[in-house]
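Descriptive structure summary
Each chain, written out:
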Amino acid sequence: MRILISGSTGFLGTALIDVLGREGHAIVRLVRPGTGNLEVSGAPAKTVRWDPVGGQFDAATAEGADALVHLAGASIADGRWNAARKNLLRASRIEATRHLIGALSKLKQPPRVIVASSAIGYYGDRGDETLTESSAPGNDFLAGLCREWESESARGTEFGARVVMLRCGIILAAHGGALPRMALPFKMGAGGRLGDGQQWMSWLTLAEAVGIFRFALTNSGLAGPTNAVSPNPVQNGEFTRILAKTLHRPALFPAPAFALRLALGEMADALLLVSQRVKPSKLEQSGYRFAQPELPAALTEVFRKQ
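Residues numbered from 1 in each chain as written. Predicted model: local features only at pLDDT ≥ 70, side-chain atom pairs only at ≥ 80, totals over all residues. Heavy atoms only, no water.

**Remarks on the overall build of the protein**
- Scanning the protein from terminus to terminus reveals 11 helices and 16 strands.
- Scaling as 2.2 N^0.38, a compact globule of 306 residues should have a C-alpha radius of gyration of about 19 Å, and the protein matches this with 19 Å.
- Considered along the principal axes of its C-alpha atoms, the protein spans approximately 60 × 40 × 40 Å.
- Residue burial in the protein is summarised as follows: out of 306 residues, 52% are buried.
- Across the protein, contacts joining residues at least 24 apart in sequence account for 76% of those joining residues at least 6 apart.
- A total accessible area of about 13600 Å² is found for the protein, and carbon and sulfur atoms account for 52% of it. (Helix = DSSP H or I, 4+ residues; strand = E, 2+ residues; numbered from the N terminus. Rg over C-alpha atoms; globule rule 2.2 N^0.38 Å. Buried < 20%, exposed > 50% of the residue type's maximum accessible area, 1.4 Å probe, protein only. Contact = heavy atoms within 4.5 Å. Areas by Shrake-Rupley, 256 points an atom, 1.4 Å probe, with all protein chains shown as cover.)

Set out below in structure tokens:
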């Protein structure tokens, strides 16, 4: 396949491109102005210049792509959620996706498959409720962001594309994402549960995420919102215990909810104290076989590769 990929320099995009490139797919990176030289499997990468702010898109180079993998979006956890940060998060997802899908719709031969990133933040804070793709959205900032983001991605169906929006859980990798920051206090002997530890965490490893994106690209029966999580979510207290055991460290110092809110504001509730017990119903029904469904073995494998 000839695959366009946005957000290709992130830790998920880098891992996905490595696998797709080795499988022989032709990778074309969507790159913003000012992006330096990029490679795919050690060779200079083909690129499509894309500037959603300036309204520019290199349509000639994008023409004839079979698929789009859309990962672009500013990091949710890289700054306190003030008004300016929220505007950036919205622009980098909703407005950028609107521009990209609009540009693709004008091609003579637009991609026939779109696999777009979303997040389980769609569901908001739901306690012990088991959440599937048919569950209602939440009502906080992150839920609204995901809902609008998915709506823009879904516009690809207007030009006949099969569109899959993958609602990703917490992606576990030793070199990126949330896990290194979660593991650091444990490595220093000061780790512990977050809040009361009762909140559900829905997770998957980076290798599993790559596998799910590959599956979504090629499985013609999969479409629409799809939960990309392990079939075995765990509560934070259990996650903490398993992480501490994997790192051979104690878990003696819980972080009180009030302290997390004082340090991080709204982000604490949306990212650390939120409870989301999500099941990958559509993936299981579509025949996807999880490589790493259990947390103890998954964490052991993640840290073995660091």
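More follows now that the structure is in view.
**Considerations on the pairing of strand S7 (residues 67–70)**
- Of the two faces of S7, the one holding Ala67 and Val69 and the one holding Leu68 and His70 are both buried throughout.
- Bridge analysis of strand S1 (residues 2–6) against S7 gives four bridges, and the strand direction is parallel. Counted as the bridge partner of Ile3 is Ala67 from S7.
- Here S7 pairs with strand S8 (residues 113–119) via four bridges, running parallel. Within the sheet, the bridge partner assigned to His70 lies in S8 and is Ala116.
- Between the parallel pair S7 and S8, the chain is carried across by helix H3 (residues 83–105), and the sense of this crossover is right-handed. (Pairing = 2+ DSSP bridges. Right-handed = clockwise from strand over helix to strand, strands pointing away.)

**Quick look at the environment of Val19**
- Counting through the fold element by element, Val19 comes out in helix H1 (residues 11–22).
- Distance in space between the C-alpha atoms of Val19 and Val48 is 20 Å, their sequence separation being 29 residues.
- Setting aside anything within four residues of it in sequence, one finds Val19 in contact with Val210 and Arg214.

**Structural notes on helix H6 (residues 206–218)**
- The terminal C-alpha atoms of H6, which comprises 13 residues, lie 19 Å apart, in line with the 18 Å expected from a rise of 1.5 Å per residue.
- The buried fraction of H6 is high, at 10 of 13 residues.
- Every buried residue of H6 is listed here: Leu206, Glu208, Ala209, Val210, Gly211, Ile212, Phe213, Phe215, Ala216 and Leu217. (Expected span 1.5 Å × (residues − 1).)

**Here we look at the pattern of salt bridges**
- This model, assessed by the stated rule, comprises 12 salt bridges.
- Note that Asp66 and Arg112 form a salt bridge whose closest N and O atoms lie 2.8 Å from each other. Of the two residues, Asp66 sits in the loop between helix H2 (59–62) and S7 while Arg112 sits in the loop between H3 and S8, which places them 46 residues apart along the sequence.
- Among the residues examined, Arg112 registers a relative accessible area of 48% and is labelled partly exposed.
- Residue Arg241 pairs with Glu238 through a salt bridge whose shortest N-O separation is 2.8 Å. (Salt bridge = Lys/Arg side-chain N within 4 Å of Asp/Glu carboxyl O.)

**Some remarks on the side chain of Ser153**
- Mapped onto the fold, Ser153 is located in helix H4 (residues 141–153).
- Excluding its chain neighbours within four sequence positions, the residues that come into contact with Ser153 are His70, Thr97, Ile101, Ala116, Val163 and Met165.

**What about the sheet that holds strand S2 (residues 26–31)?**
- Taken together, the eight strands give an open sheet; going across it, the order is S6-S5-S2-S1-S7-S8-S10-S14, and neighbouring strands pair in mixed fashion. Every interior strand has two partners, whereas the edge strands, strand S6 (56–57) and strand S14 (224–228), have only one.
- The strands touched by H6 within the sheet are S1, S7, S8, strand S10 (162–168) and S14, with S10 carrying the most contacts at an inclination of about 165°. (Axes fitted to C-alpha atoms, helices over the stretch in contact; angles between N-to-C directions.)

**A closer look at the pairing of S8**
- The buried count for S8 comes to six of seven residues, which makes it a mostly enclosed element.
- Where S8 meets S10, seven bridges bridge the pair, whose relative direction is parallel. Its bridge partner being in S10, Ser117 is matched across the sheet by Leu166.

**A closer look at the packing of aromatic side chains**
- All chains considered together, the criterion is met by four aromatic pairs.
- Centre to centre, the rings of Tyr122 and Tyr123 are 5.3 Å apart; their planes meet at 85°, and the pair counts as edge-to-face. With respect to burial, Tyr122 and Tyr123 carry one shared label: buried.
- Consider the rings of Phe215 and Tyr288, whose centres lie 5.2 Å apart with planes at 70°: the pair is edge-to-face. (Phe/Tyr/Trp six-rings, centres within 6.5 Å; stacked < 30°, edge-to-face > 60°.)

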